[in-house]
Amino acid sequence: WTTGPASEAENSLRELAALAETAGSEVLDGIIQRRTNPDPATYLGSGKALELKDIVAATGADTVVVDEELAPSQRRALEDVVKVKVIDRTGLILDIFAQHAKSKEGKAQVELAQLEYMLPRLRGWGESLSRQAGGRAAGGEGIGSRGPGETKIEMDRRRIRARMAKLRREIAAMKPSREAKRLNRRRNSVPSVAIAGYTNAGKSSLLNRLTDAGVLVENALFATLDPTVRKAETPDGIGYTLSDTVGFVRSLPTQLVEAFRSTLEEVADSDVIVHVVDASHPDPEGQIRAVHEVLADIDALDLPEIIALNKADAADPFVVQRMRNTHRDVVVVSARTGEGIDELKQRISEAIPRPDHVLDLLVP
Ligand code: GDP
């Protein structure tokens, strides 16, 4: 739900659906509630809440995701009506960060943000979840269940604050080693390509296009170790890894900015960035700028970058042409129709560093 204008609300809801899918959920239905002011008790008002309850019952949904930040009491009141787990946008995003955080610092930053988010919501969280979502929540499945578990939720506020202080100290102590890491980076034995861009730009669709089915099956074990990394091959047979990175989101809650950056930091360790842009979006240039700002922050702006202008099938050809003219290294693609995918594979192949022995073969 959202309180904004209709088209804005639809865009935001589309992004929310993509976020929920990223978190591993299947999106069953969506409704938009337009109100100037959210209802103080249940956020959406009692009539709409009952309508939602019917949708939940009809679809068999086990979670409701609300596209704005809920007050702790609103979330609880809504759970009481719909009888399934209710999470808000921030909770969903934190869950995705928890999935993506790999480095020690990334994990610490995400835990810190999770605790910060949890602190005011402490009362009733564990209690209402175990009562209503029952086994599902306790089983650790579904969105909103990753990260600090039930036992941590039961810690009293003081212990949480102590943990947060400890995490902050640890994060501060990690800064120097991050510098060192930066100096030593790009020692990948296998070339690595990171796919970055906004949520809903089509990153995972492209990832699927770039790694064909055969490779996926062959690397099933690899995939379970880290679901965001896949193996791919250049047309001339050089293997490389392709990793899906945590997506940018519109209006990221400020309390999540640090966690987002540290989770994205792995991008700086890759050899090539494929920056996926939704060419059918109303402001693709604004999105490119926002991505570049963050890449600059994490020292990844000097890496070879290929801009994959995706959703060419749905985009205005004039916009596509203009963007082709303003940016270097643009490949126009459609993960949906397959347009431009071979060219993208070729460009990646040209951009990745070649292992020395290959160079030896080429140099007479
Ligand atoms: P991600 O959040 O960046 O990983 O984006 P997804 O790969 O999940 O795609 C987001 C949405 O855009 C999905 O509904 C896709 O079906 C859709 N999509 C992805 N690529 C294309 C494309 O080339 N053309 C069109 N029309 N839609 C696409």
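Refer to the preceding data block for the structure.
Everything numeric in this text was worked out from a predicted model, so none of it was measured. (Residues numbered from 1 in each chain as written. Predicted model: local features only at pLDDT ≥ 70, side-chain atom pairs only at ≥ 80, totals over all residues. Heavy atoms only, no water.)

Chemist: Is there a simple way to explain helix α14 (residues 284-297) in this structure?
Modeler: In an α-helix, one full turn covers 3.6 residues, which means residues spaced three or four apart are oriented alike. For α14, with 14 residues, the first-to-last C-alpha span of 20 Å sits near the 20 Å given by 1.5 Å per residue. For α14, the complete set of buried residues consists of Pro-284, Gly-286, Gln-287, Ile-288, Val-291, Val-294 and Leu-295. Each element contacted by the buried residues of α14 is listed here: β3 (192-197), α13 (257-264), β6 (272-278), β7 (305-310) and α15 (317-326). (Helix = DSSP H or I, 4+ residues; strand = E, 2+ residues; numbered from the N terminus. Expected span 1.5 Å × (residues − 1). Buried < 20%, exposed > 50% of the residue type's maximum accessible area, 1.4 Å probe, protein only. Contact = heavy atoms within 4.5 Å.)

Chemist: Just to check I follow, could you spell out the site of the ligand for this structure?
Modeler: Taken together, 15 residues sit near the ligand, with Asn-200, Lys-203, Ser-204, Ser-205 and Asp-313 positioned nearest. Separating an oxygen atom of the ligand from a backbone N or O atom of Ala-201 is a distance of 3.3 Å. In isolation the ligand offers 580 Å² of accessible surface; the protein chains occlude 81% of this area. Looking at which element gives the most residues to the shell around the ligand, the answer is helix α10 (residues 203-210), with 3 residues. Each residue belonging to the shell around the ligand can be placed in one class, and the counts come to 4 nonpolar, 7 polar and 4 charged. (Near = heavy atom within 4 Å. Polar contact = N/O pair within 3.5 Å; in protein donor to acceptor, adjacent residues only side chain to side chain. Areas by Shrake-Rupley, 256 points an atom, 1.4 Å probe, with all protein chains shown as cover. Nonpolar A, V, L, I, M, F, W, Y, C, P; charged D, E, K, R; others polar.)

Chemist: In this structure, what is going on with the pairing of strand β2 (residues 85-88)? I would like to understand it.
Modeler: Within a regular strand, side chains alternate between the sheet's two faces. Burial along β2 is two-sided: Lys-85 and Ile-87 facing one way and Val-86 and Asp-88 facing the other are all buried. Relative to β2, strand β1 (residues 63-66) runs parallel, the two sharing 4 bridges. Each bridged residue has a counterpart across the sheet, and for Thr-63 the counterpart in β2 is Lys-85. Note that the unit made of β1, helix α3 (residues 72-82) and β2 has a crossover that is right-handed. (Pairing = 2+ DSSP bridges. Right-handed = clockwise from strand over helix to strand, strands pointing away.)

Chemist: Teacher, can you tell me more about the nonpolar core here?
Modeler: It is characteristic of soluble globular proteins that their nonpolar side chains tend to be buried jointly. Grouped together as the largest cluster of nonpolar side chains are 35 residues, with contacts concentrated most on Leu-92, Phe-97, Leu-264, Val-267 and Ala-300. Listed by contribution, the elements that provide at least two residues to this core are α1 (6-22), α4 (89-100), α5 (104-118), β3, α13 and α14. If you tally residues by element for this core, the top one is α4, at 5 residues. Filtering out sequence-adjacent residues up to four positions away, Leu-264 remains in contact with Thr-245, Val-246, Phe-248, Val-294 and Ile-298. With 22 residues, the next largest nonpolar core counts Leu-206, Leu-242, Val-331 and Leu-344 among its residues. (Core = buried A, V, L, I, M, F, W, Y, C linked by side-chain atoms within 4.5 Å.)

Chemist: Sorry if this is basic, but what is going on with the sheet that holds β3 here?
Modeler: Backbone hydrogen bonds are what pair the strands of a sheet, in a parallel or an antiparallel way. Strand order in the open sheet formed by 6 strands is β4-β5-β3-β6-β7-β8, with mixed pairing between adjacent strands. Both outer strands of the open sheet, β4 (229-233) and β8 (330-332), are each paired with one neighbouring strand and no more. Neighbour-to-neighbour, the strand axes of the sheet open up by a mean angle of 25°, direction not taken into account. Here β3 pairs with strand β5 (residues 239-244) via 4 bridges, running parallel. Pairing of Val-193 across the sheet is with Leu-242, part of β5. Each of β6, β7 and β8 touches α15; the most contacted strand, β8, lies at about 160° to it. (Axes fitted to C-alpha atoms, helices over the stretch in contact; angles between N-to-C directions.)

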